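Structural overview
Spelled out from the first residue to the last, the chains are:
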Amino acid sequence: MTAQAYGNDATQRRDRADQESSARADAIARLAARRDDLRAQLRSLSDDESESGRPRFSNHLAEDAQDQQQRQGAAVVRQMLINDLRQVEHALERSEREQYGICEDCGHDIPPRRLVVIPDATLCVSCQAQREARRSAH
Ligand SMILES: [Zn+2]
């Protein structure tokens, strides 16, 4: 009787560990998909740029201004995609070293719930807050 109860307990514990590791595998799979998606978006952005290889100087100042604005908008989007991609690749690199889900700063486990929402998180909530506070102090 006691042995069986103990057995059930161990099974439950293993199930929970399985759930956590499959949640982790799931998050890593989503990250890999996101990386491919970001790379594809960046590729299509640079295709757009090479297509608009028309003369840069025209006699219409208004058109030039609009053109420049579009160019700047694209540059901002591009930079955002690059930043995202860097972070996603960084999280994936950590997963290859079996460090996925471990906070880079304090070494504690990042709560699985946080990883579900932000699969590319490499910091726990409090270390992330500290970094942001440091960044905004500048
Ligand atoms: Zn931390």
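Residues numbered from 1 in each chain as written. Predicted model: local features only at pLDDT ≥ 70, side-chain atom pairs only at ≥ 80, totals over all residues.

**Some thoughts on the overall build of the protein chain**
Cut-off, in case you're wondering: What counts as a helix is a DSSP run of H or I of at least four residues, what counts as a strand is a run of E of at least two, and both are numbered from the N terminus. Residues are called buried when their C-beta atom has 20 or more other C-beta atoms within 10 Å, exposed when it has 12 or fewer, and partly exposed otherwise; all C-beta atoms are positioned from the backbone. Contact definition: two residues whose C-beta atoms, as placed from backbone geometry, lie within 7 Å.
When helices and strands are tallied, the protein chain shows four helices and zero strands. Counting from the amino terminus, the protein chain carries its helices and strands in the arrangement α-α-α-α. Buried positions account for 10% of the 138 residues belonging to the protein chain. Partitioning the intrachain contacts of the protein chain with sequence separation of at least 6 by distance along the chain shows that 63% fall at a separation of at least 24.

**Overview of unusual backbone geometry**
A positive phi angle, close to 60°, is found at E98, a residue other than glycine. Within the secondary structure, E98 is located in the loop between helix 2 (61-96) and helix 3 (112-117).

**Description of helix 2**
Put simply, the rule reads: Multiplying one less than the number of residues by 1.5 Å gives the expected span of a helix.
When the terminal C-alpha atoms of helix 2 are compared, their 52 Å separation across 36 residues agrees well with the 52 Å that a helix rising 1.5 Å per residue should span. Of all 36 residues that make up helix 2, two are buried, and the element is exposed over most of its length. Positive phi shows up at E98, right after helix 2, with a value of about 60°.

**Some words on helix 4 (residues 125-137)**
Each α-helix winds once per 3.6 residues, and so residues spaced three or four apart point in a common direction. For helix 4, built from 13 residues, the straight-helix expectation of 18 Å at 1.5 Å per residue is met to within 8% by its first-to-last C-alpha distance of 18 Å. By the criterion of burial, helix 4 is predominantly exposed, with just zero of the 13 residues buried.

**Some points on the confidence of the model for the protein chain**
Stated precisely, the cut-off is as follows: Known as pLDDT, the predictor's per-residue confidence is scaled from 0 to 100.
Averaged over all residues, the pLDDT of the protein chain is 85; the fraction at 70 or higher stands at 86%. Highest mean pLDDT in the protein chain belongs to helix 4 (94); lowest belongs to helix 1 (residues 2-51) (80).

**Concerning the environment of D84**
Tracing the backbone through its elements, the reader meets D84 in helix 2. Taking the C-beta count within 10 Å as the criterion, D84 has 17 such neighbours and is therefore assigned partly exposed. Along the sequence, D84 and D120 sit 36 residues apart, while their C-alpha atoms lie 9.0 Å from each other.

**Quick look at the nonpolar core**
Threshold: We call a set of buried Ala, Val, Leu, Ile, Met, Phe, Trp, Tyr and Cys residues a nonpolar core when their C-beta atoms link them within 7 Å.
The biggest cluster of nonpolar side chains holds ten residues, and these are A27, L31, L38, V88, A91, Y100, I110, L115, A121 and C124. The element contributing the most residues to this core is helix 1, with three residues. Excluding residues within four positions of it along the chain, L31 makes contact with V88, A91, L92, P119 and D120.

**Some thoughts on the environment of L115**
For L115, the location among the structural elements is in helix 3. Separated by 91 residues in the primary sequence, L115 and R24 place their C-alpha atoms 8.0 Å from one another. Ignoring anything within four residues of it in the chain, the contact list for L115 reads A27, G101, I110 and A121.

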